[in-house]
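# Results of the structural survey
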Amino acid sequence: MLDISWGETGVLVGLGLVLIGRRDLPLASHTLGKQIGRIVGLLQGARLRADRFAHDHQLKALQNEFRSGLRELDAVKAELAGAMMNNHRGVGAMVPGVDR
């Protein structure tokens, strides 16, 4: 992600130590740690919300697919019931090649 080598990181940390000094180093470390913790917490919360959204969205898509399948089955059922009412010979008469 960031193209920084260990040598460059060491130089930056050393320069930071020299600029901050011994006296303010504990306070600076504490503040930096708190800020990094807040950022990590924010990223974890965002990831959790994104996972929940994706999970809920998938469930709703499956529910919609299931409902459309049920509607198709109801349409076929109604069509068969109508055909049986119109044709007194039954369903077997509608299928060619069926012997009685």
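Our subject is the structure that appears above.
Residues numbered from 1 in each chain as written. Predicted model: local features only at pLDDT ≥ 70, side-chain atom pairs only at ≥ 80, totals over all residues. Heavy atoms only, no water.

### Topic: the overall build of the protein
Tallying secondary structure elements over the protein gives two helices and zero strands in all. A buried classification covers 3% of the 100 residues belonging to the protein. When the accessible area of the protein is evaluated, it comes to approximately 9,400 Å², of which 64% is carbon and sulfur surface. (Helix = DSSP H or I, 4+ residues; strand = E, 2+ residues; numbered from the N terminus. Buried < 20%, exposed > 50% of the residue type's maximum accessible area, 1.4 Å probe, protein only. Areas by Shrake-Rupley, 256 points an atom, 1.4 Å probe, with all protein chains shown as cover.)

### Section: a nonpolar patch on the surface
A grouping of Leu32, Ile36 and Val40 is seen on the molecular surface, where their side chains present a nonpolar patch of about 270 Å² in accessible area. Tracing the backbone through its elements, the reader meets Ile36 in helix 2 (residues 25-86). With a relative accessible area of 46%, Ile36 lands in the partly exposed category. (Patch = residues over 30% accessible without salt bridge, like charges linked within 9 Å, V, L, I, M, F, W, Y side chains within 5 Å. Salt bridge = Lys/Arg side-chain N within 4 Å of Asp/Glu carboxyl O.)

### With respect to the pattern of salt bridges
Here the idea is simple: oppositely charged side chains can pair when their charged atoms come close. Under the definition given, this model contains one salt bridge. Residues Asp24 and Arg23 are paired through a salt bridge, measuring 3.9 Å at the closest nitrogen-oxygen approach. Under the relative-accessibility criterion, Arg23 is labelled exposed at 74%.

### Considerations on helix 1 (residues 6-20)
Taking 1.5 Å of rise per residue, the 15 residues of helix 1 would be expected to cover 21 Å, and the 21 Å separating its terminal C-alpha atoms lies within 8% of that figure. Backbone geometry just downstream of helix 1 places Gly21 in the positive-phi region, at approximately 90 degrees. (Expected span 1.5 Å × (residues − 1).)

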